[in-house]
2 protein chains.
Amino acid sequence: MAKILLRHADVITLDTEGNVLRDADVAIDGGRIIALGAPPDGFLPDETVDAHEHILLPGFVNAHTHSPMTLFRGWAEELLRERWFNERVWMAETSVTADDVYWGAALAAVEMIRGGTTAFADQYFYMDRVAQVVVESGLRASLAWCTFGREEGEIGTDLPGIAAFVEEWQGAGDGRLRTALGPHSPYVCSPQFLARSAAVAVRLGAGIHIHAAETQAQVQNSILRNDLTPVEILDRNGIFDVPALVAHGIYLSDADIVILAAKHASVVQCATSQMKLGLGLTRVPELAAAGVNVALGTDSPATNTSLSMLQEARHAVLAQRLSRSNPGALPGDQALRMATQNGARALGFPTCGRIAPGYSADLVLIDCASARLIPRHDLVANVLFAAQDGDVSDVMVAGRWLMRRGRLLTLDEERIRAEAERRGSTLVGL
Amino acid sequence: MAKILLRHADVITLDTEGNVLRDADVAIDGGRIIALGAPPDGFLPDETVDAHEHILLPGFVNAHTHSPMTLFRGWAEELLRERWFNERVWMAETSVTADDVYWGAALAAVEMIRGGTTAFADQYFYMDRVAQVVVESGLRASLAWCTFGREEGEIGTDLPGIAAFVEEWQGAGDGRLRTALGPHSPYVCSPQFLARSAAVAVRLGAGIHIHAAETQAQVQNSILRNDLTPVEILDRNGIFDVPALVAHGIYLSDADIVILAAKHASVVQCATSQMKLGLGLTRVPELAAAGVNVALGTDSPATNTSLSMLQEARHAVLAQRLSRSNPGALPGDQALRMATQNGARALGFPTCGRIAPGYSADLVLIDCASARLIPRHDLVANVLFAAQDGDVSDVMVAGRWLMRRGRLLTLDEERIRAEAERRGSTLVGL
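Residues numbered from 1 in each chain as written. Chains lettered and ligands numbered in written order. Predicted model: local features only at pLDDT ≥ 70, side-chain atom pairs only at ≥ 80, totals over all residues. Heavy atoms only, no water.

Novice: What is the right way to look at the pattern of salt bridges in this model?
Specialist: Should their charged atoms come close, side chains of opposite charge can pair. Residue and element names in this part refer to chain A. Within this structure, the stated rule accounts for 38 salt bridges over all chains. Salt-bridge contacts for R376 lead to E53; the nearest nitrogen and oxygen are separated by 3.2 Å. You can see R376 sitting in the loop between strand 14 (363–367) and helix 16 (379–386) and its partner E53 sitting in the loop between strand 4 (47–50) and strand 5 (54–58), a full 323 residues away along the chain. Among the residues examined, E53 registers a relative accessible area of 36% and is labelled partly exposed. Salt bridges here are not isolated pairs; linked through shared partners, they connect D100, R415, E419, R422 and R423. (Salt bridge = Lys/Arg side-chain N within 4 Å of Asp/Glu carboxyl O. Helix = DSSP H or I, 4+ residues; strand = E, 2+ residues; numbered from the N terminus. Buried < 20%, exposed > 50% of the residue type's maximum accessible area, 1.4 Å probe, protein only.)

Novice: What is the right way to read the interface of chain B and chain A from this model?
Specialist: Where interface size is given, it is often the accessible area lost as the parts come together that is meant. On the chain A side, the residues contacting the 58 residues of chain B number 58 residues. Surface buried jointly by chain B and chain A totals about 4800 Å² across both partners, of which 61% is contributed by carbon and sulfur atoms. At the boundary of chain B and chain A, one finds two salt bridges. Across the pair E421 of chain B and R376 of chain A runs a salt bridge whose closest N-O atoms are separated by 3.2 Å. Counting residues per element, the side of chain B that touches chain A draws most heavily on helix 13 (residues 309–324) of chain B, at seven residues. Its residues assigned to classes, the side of chain B that touches chain A comprises 23 nonpolar, 21 polar and 14 charged. (Contact = heavy atoms within 4.5 Å. Buried area = accessible area lost by both parts, 1.4 Å probe. Nonpolar A, V, L, I, M, F, W, Y, C, P; charged D, E, K, R; others polar.)

Novice: Where do I start with the relation of the copies chain B and chain A in this structure?
Specialist: Relating one copy of the chain to the other takes a rotation about an axis and a shift parallel to that axis. Once chain B has been moved 0.0 Å along the axis and rotated by 180 degrees, it coincides with chain A to within an RMSD of 0.0 Å. Each copy turns onto its partner about a two-fold axis. When each C-alpha of chain B is compared by its distance to the rotation axis, G390 of chain B comes out closest, at 3.0 Å. A share of 100% of the interface residues of chain B reappears at the interface of chain A, consistent with the copies meeting face to face through the same patch. (Least-squares fit on C-alpha atoms with pLDDT ≥ 70 in both.)

Novice: Please clarify how the pairing of strand 12 (residues 266–269) of chain B should be interpreted in this entry.
Specialist: Sheet faces and side chains relate simply in a regular strand, where the side chains alternate between the two faces. All names here are of chain B. A two-sided burial pattern is seen for strand 12, the buried positions comprising S266 and V268 on one face and V267 and Q269 on the other. Both strand 11 (residues 244–248) and strand 12 contribute to a ladder of three bridges, which runs parallel. Across the sheet, the residue bridging to L245 is S266, located in strand 12. In the classification by handedness, the crossover that spans strand 11, the intervening helix 9 (residues 254–262) and the parallel strand 12 is right-handed. Relative to strand 13 (residues 293–296), strand 12 is paired through four bridges, and the arrangement is parallel. Across the sheet, the residue bridging to V267 is V294, located in strand 13. (Pairing = 2+ DSSP bridges. Right-handed = clockwise from strand over helix to strand, strands pointing away.)

Novice: How do you make sense of empty space enclosed by the protein when you look at a structure like this?
Specialist: A probe matching the size of a water molecule, rolled over the atoms, marks out where space remains unfilled. Taken as a whole and assessed by the stated rule, the structure comprises three cavities of 30 Å³ or more. Its boundaries defined by the atoms lining it, the largest cavity holds a volume of some 70 Å³. Taken together, 14 residues form the lining of the largest cavity, with Q311 and Q388 of chain A together with Q311, R314 and Q388 of chain B sitting closest to its centre. For the lining of the largest cavity, the secondary-structure elements that each account for two or more residues are helix 13 (309–324) of chain A together with helix 13 of chain B. Taken as a whole, the second largest cavity encloses approximately 50 Å³ of empty space. Around the second largest cavity, the lining residues are G59, V61, T118, A119, R140, A344, F349, C352, G353 and D362 of chain A. Looking at the lining of the second largest cavity, its residues break down into five nonpolar, three polar and two charged. (1 Å grid on protein atoms, 1.4 Å probe; cavity = no way out; pocket = protein on both sides within 12 Å on 5 of 7 lines; lining within 4 Å. Points joined across faces, edges and corners; volume = space filled by probe spheres on them.)

Novice: Would you explain the packing of aromatic side chains in this entry?
Specialist: All names here are of chain A. Within the structure shown, the criterion is met by eleven aromatic pairs over all chains. Each ring, one from Y124 and one from F125, has its centre 4.8 Å from the other, and the planes form 50 degrees; the classification is tilted. By the burial criterion, Y124 is buried, and F125 matches it. Ring centres of F125 and F148 lie 5.7 Å apart, and the angle between their planes is 55 degrees; on these two criteria the pair is classed as tilted. Here the residue F125 occupies a position in the loop between strand 7 (117–124) and helix 4 (127–137), and F148 occupies one in the loop between strand 8 (140–147) and helix 5 (159–169), the gap between them amounting to 23 residues. Classification of F125 as buried rests on a relative accessible area of 19%. An aromatic cluster of at least three residues, connected via ring pairs, comprises Y124, F125 and F148. Over the face of the ring belonging to F349 we find R140, whose NZ or CZ atom lies 5.0 Å from the ring centre. (Phe/Tyr/Trp six-rings, centres within 6.5 Å; stacked < 30°, edge-to-face > 60°. Lys NZ or Arg CZ within 6 Å of the ring centre and 35° of its normal.)

Novice: Looking at this structure, I do not really get helix 16 of chain A. What am I missing?
Specialist: Along an α-helix, residues three or four apart share an orientation, since each turn contains 3.6 residues. In terms of burial, helix 16 of chain A is a largely internal element, eight of the eight residues being buried. Put simply, D378 of chain A is the residue that caps the front of helix 16 of chain A, since its side-chain oxygen is 3.1 Å from the backbone nitrogen of V380 of chain A. (Polar contact = N/O pair within 3.5 Å; in protein donor to acceptor, adjacent residues only side chain to side chain.)

Novice: What's the story with the domain arrangement of chain A in this structure? I'm lost.
Specialist: Residue and element names in this part refer to chain A. Each assigned domain of chain A is listed with its residue range as follows: domain 1 (4–58 + 354–408) and domain 2 (60–347). Taking only C-alpha atoms into account, the centre of domain 1 sits 28 Å from that of domain 2. Each side of the interface is counted separately: domain 1 has 30 residues, and domain 2 has 26 residues. Each partner contributes to the roughly 2400 Å² buried at the junction of domain 1 and domain 2, and carbon and sulfur atoms together form 62% of this total. Put simply, R140 and D362 hold a salt bridge, and the shortest N to O gap is 2.6 Å. Linking domain 1 to domain 2 there are ten residue pairs in polar contact (both at pLDDT 80 or more). Elements with a contribution of two residues or more to the side of domain 1 that touches domain 2: strand 5, strand 14, helix 16, strand 15 (392–397) and strand 16 (400–404). Ranked by residue count, the leading element in the side of domain 1 that touches domain 2 is helix 16, at five residues. Across the side of domain 1 that touches domain 2, the residue classes tally to 20 nonpolar, five polar and five charged. (Domains from an automatic or database assignment.)

Novice: Would you explain the sheet that holds strand 7 of chain A in this entry?
Specialist: Hydrogen bonds between backbone atoms are what pair the strands of a sheet, whose relative direction is either parallel or antiparallel. All names here are of chain A. With parallel pairing, the eight strands of this open sheet are ordered in space as 6-7-8-9-10-11-12-13. Only two strands of the sheet have a single partner each, and these edge strands are strand 6 (60–65) and strand 13 (293–296). Along the sheet, successive strands turn relative to each other by an average axial angle of 25 degrees, direction set aside. Note that strand 6 and strand 7 share four bridges and pair parallel. The partner of T65 across the bridge, within strand 7, is D122. (Axes fitted to C-alpha atoms, helices over the stretch in contact; angles between N-to-C directions.)

Right, dumping it as structure tokens:
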């Protein structure tokens, strides 16, 4: 792999000390960062990039989404108010084909790369087709095939099929692709099915990507039926015996937080989606204080409408400060860590999400030419509160450029937009 | 003025019925919209624009900002947490020159036009220099020279000077510029000064742009000292005898809302700034239900960091839904009205903010080519939750293009960026 030297960048390292360097060089070799500040003696780059007037930061990690649902973007807006969302969208999804999934995920990949996202955790169906998009796009991902686990109708209980998917794709794309099991949630999966999924995950050495505690009603029903909270149900059935990613986790008890911390589970807040649906926020400060790894995700583009992680990090800060009536409730640096390195850890890529020697070269350059990024008193504030996806000029994953100067290098953007537009209209016309 | 025909646009009219038209034509003559749907018989345009794959909507109105503070963008981030904001920034502002104000406002104008803002309500100092930016840029604005009204030290009490500003600039720029008096707030202005300001406004036929009820402490202090809420103080001293724009209005009593409605005052929520500072939200649903005109503003770029009205409207919806735990708390169509026509009314431009015959041609085109705006099931949702400033391709005020295909036509963007960068660094180096 190429030796690359990025020169004269303003670097938001997100290292332990939160260092922000001005006019620094970054040397990349073998897909990894090998030096920061100045290149090592005798480093002869194949490519030198002048990153003057650009901010360099780790790529964003969208730690919970359903990427093919770009095809339903904006379609369920009115339904949200009626809270019919799950039912209606799930109905429409019975019409979704494997090809739709491919093109929907491809559209998501275009949007994600353009917005500086370098990795995503996805949970949906026909995930072999999403895997194809990951391999082709050069993105990093953790893919979970969603299962409903309703034994009665045998809906989404095909664990042997899921195991085959996990084994086939684990480590594909030069290790950029990881797989996980995706039992949807404790409210649609029986305890027995959760336990069976956990056993398969343990056997395959895979993680689990699941939803939990999204509403108070879910928690109340769980306690009524089982005398256990949703998190306790997951714990009792072995879900936390493997690396687990819990999406939303809004209504968590103090005892739930103790369990999540002890079992090293990750919790993914999706602020935009949770705000838009009026669900509430995840208890980020308490989870972080307890040592739980808290990451950020956009959730489905059918609820969020957007896949922008810049926006997601911004909303995480604003919402937390509003709900706690405290302008210090979530510092900007912490939000950027949640949107990068915490997400990477949740997905199983612990050497991503930081600009430091030894870390993977999953990087984003933000062009500071736009009026909204002038002056440059505080780069973290400029990125978090003023930068927009369109300011992202260059994106690299594992030392390979996916976008250079605003041009996508791995995907046929024009064809993807046309196919997605056509398929989106057809699906909704049903 | 030129006759212009926009063809094949998808139009978010924001008319009474909330009509969204697909593939419609809009005819413009004399700076006004004269027909919608199809051009009138015999209409011979000087310019025909193909707006295929573009959304046309009314320009945004930023109904409360301090535009020259772009120079302090990101500088007060850490101070916010310490709540030293006002004191520290006000101290630094003693170093701000009239030329700094000009270049700071010019940078704001670049950012606003690029984000689809066609009008803004500004409150700051050296407002004759902001007026110059308004005339040159082609934007529409209501400008208020901020006065502190502390009689003791004679700080900011120059009402004759303010009156001269109001009279000199009222109606400038072919009527695009309106002026207002700007007593800062009931917590820094004495009741006597408020009454004197109101009397001057009545005499000159000008409006008033003021802050009020931003914190619970302000309300409590007001009641302790005067037995009156801030809104009651304003009412007693004649502020509502002229068209009044009240910024923030967060801690309002039911009785305050009755006063604001009876006196036809406008209230401007600045969701981003209010969230970021942990202040709380304006009671938008109650104000709207009482018939108060509620608009949206970014507040200062030193707190918000950004001047994006797309972002401001988005945050207004998300924050309201979160705080009310209700996904229907603020419908998208209502948020777009607040960000356009309600703002126009607050500024004193009642024939702006709607795409309908007779309304001023203050228009924005959004290019739908970006992946984040595909597919196009719900144009209001796409604009409100997915579009970003960079998707705005064309901006028109009163039938005159300020931006065409991403190129600014009235401002020297490169020079403005360089001057603002230099001045911002110098100011903060003090």
